[in-house]
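# A look at the structure
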Amino acid sequence: MVVPDPQLPTRVRIYEVGARDGLQNEKGTVPTATKAEFIHRLAASGLTTVEATSFVHPRWVPQLADAEALFPLLQDLSDTVGLPVLVPNDRGLDRALALGARHVAVFASATESFAQANLNRTVDEALAMFEPVVTRAKEAGAQVRGYLSMCFGDPWEGAVPETQVVKVCRALLDMGCDELSLGDTIGVATPGQVASLLTALNADGVPTDTVGVHFHDTYGQALSNTLAALRHGVTTVDASAGGLGGCPYAKSATGNLATEDLVWMLNGLGIDTGVDLSRLTATSVWMAEQLGRPSPSRTVRALSHKD
Ligand code: MG
């Protein structure tokens, strides 16, 4: 049954991260042809932004070491689907641009501990590394997203001060990022905290329409936090088909908000996403078979359950 809520947007853009954030955190490596089929199926289910891979050094993320081989296999989608790729540095950007990437993303941290763990740099050193990458990407005509990890809590530092998050968001926008993604990397946020951070960002002049949200379901809060963000006016939500992936630093394996769980809620609220839920669910069931384990998404399980 569809019951709209007048306080919510009428359309939400789902930024699908399963093929990158999801598969990056899988133990095994998925064959390139399987990844290409996965991304084609995601696009065929109506998703219009499908993050494809990461041009990081293969030693850092061996699961995505085939970026050069995979990206050309997606060319038939490039007119209709945004296919962002992660680029950590100049070298990664060069590799992505050489293959015709038009949407790229850098990944910063709101905390010093995670900047060290993930990038082996201070927060400011990481921002200094990204600045020329963003400048060159913009000069090349690419759209740039700035990911921000640990916006709500950090496994080493605990609660993260809003001022710290606002400062890094400001820096990413000032260097030219078109869009931000606020990551609750260990899934500890609760809805009041989400609303409070969005308000703090607005107070610093960061408009809500530049902000996407990236919630993890570690503590079962991802959909509640999404609703809080939508109520604040956010219209870009990151999600991972079938709930693939997570964060190696979180306490349990439960990770990314499942796209199907998100679509179920948005469908019920009458919010348009363009996604065909049954096609998407079939895709996640197929991917779970490729990975050899069931999808953690409750919506996938419910819709695919057979007595
Ligand atoms: Mg994630």
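Please refer to the structure higher up on the page.
Notes on the structure in this doc start here. (Residues numbered from 1 in each chain as written. Predicted model: local features only at pLDDT ≥ 70, side-chain atom pairs only at ≥ 80, totals over all residues. Heavy atoms only, no water.)

## Comments concerning helix H8 (residues 191–203)
We count it as follows: Under the scheme used here, helices are H or I runs from DSSP no shorter than 4 residues and strands are E runs no shorter than 2 residues, and both carry numbers assigned from the N terminus. By definition here, a helix of n residues has an expected span of 1.5 Å times n minus one. Think of it in three bands: residues with accessible area under 20% of the maximum for their type are buried, residues over 50% are exposed, and the middle band is partly exposed, with areas taken using a 1.4 Å probe on protein chains only. Taking the helix axis as origin, the arc is that swept by the directions to the C-beta atoms.
In this model H8 runs 19 Å from its N-terminal to its C-terminal C-alpha over 13 residues, within 8% of the 18 Å that 1.5 Å per residue would give. Among all positions of H8, only Val194, Leu197, Leu198, Ala200 and Leu201 are buried. The buried residues of H8 occupy an angular sector of 160 degrees when the element is viewed end-on, so they sit on one face. Turned more than 90 degrees off the buried face of H8, the exposed positions are Gly192 and Ala203.

## What about the layout of surface pockets?
Spelled out, the test is: Only protein atoms enter the calculation, which uses a 1 Å grid: trapped sets of points that fit a 1.4 Å probe without letting it out are cavities, open sets showing protein on both sides within 12 Å along at least five of seven lines are pockets, and any residue with an atom within 4 Å of a point is a lining residue. Grid points are joined across faces, edges and corners, and a volume is the space filled by probe spheres set on the points.
Taken as a whole, the second largest pocket spans an internal volume of roughly 180 Å³. Along the wall of the second largest pocket there are 13 residues; nearest its centre are Arg13, Tyr15, His103, Gln143 and Glu179. Among the elements of the structure, strand S1 (13–16), strand S5 (103–109) and strand S6 (143–149) are those that each provide at least two residues to the lining of the second largest pocket. No other element matches the three residues that S6 contributes to the lining of the second largest pocket.

## Considering the environment of Val285
Defined as follows: By definition in these notes, contact holds between two residues if any of their heavy atoms fall within 4.5 Å.
Relative to the assigned elements, Val285 resides in helix H11 (residues 277–291). Given the relative accessible area of 26%, Val285 is considered partly exposed. Val285 has contacts with Val300 and Ser304, leaving out every residue within four places of it along the chain.

## With respect to the side chain of Thr226
The line we're drawing: Counted as a polar contact is a pair of N or O atoms within 3.5 Å, where, for protein atoms, one must be capable of donating a hydrogen and the other of accepting one, and residues adjacent in sequence contribute only when both atoms are in side chains.
Mapped onto the elements, Thr226 comes out in helix H9 (residues 222–231). For Thr226, a relative accessible area of 0% puts it in the buried group. Side-chain polar atoms of Thr226 contact the backbone oxygen of Ala222, separated by 2.7 Å. Those residues in contact with Thr226 that sit more than four places away from it in its chain are Phe215, Val237, Leu257, Leu262 and Met265.

## What to know about the packing of H9 against helix H10 (residues 259–268)
Here is the rule we go by: Inter-axis angles, ranging from 0 to 180 degrees, are taken between N-to-C directions of lines fitted to C-alpha atoms, where helices are fitted over the stretch in contact. Under this scheme an angle from 65 to 115 degrees is roughly perpendicular, one under 35 degrees roughly parallel, and one over 145 degrees roughly antiparallel; angles in between are oblique. Handedness of a crossing follows from how the near helix is turned relative to the far one, being left-handed for an anticlockwise turn of less than a right angle and right-handed for a clockwise one. Three classes are used: nonpolar for Ala, Val, Leu, Ile, Met, Phe, Trp, Tyr, Cys and Pro, charged for Asp, Glu, Lys and Arg, and polar for all others, with Gly counted as polar.
The contact between H9 and H10 brings their axes to 11 Å, and the two run at 50 degrees. Taken as axis vectors, H9 and H10 run oblique relative to one another. Crossing angle aside, the handedness with which H9 passes H10 is right-handed. Between H9 and H10, the contacting residues are Leu223, Thr226, Leu227 and Leu230 on the first element and Asp261, Leu262, Met265 and Leu266 on the second. The residue makeup of the contact of H9 with H10, split by class, is six nonpolar, one polar and one charged.

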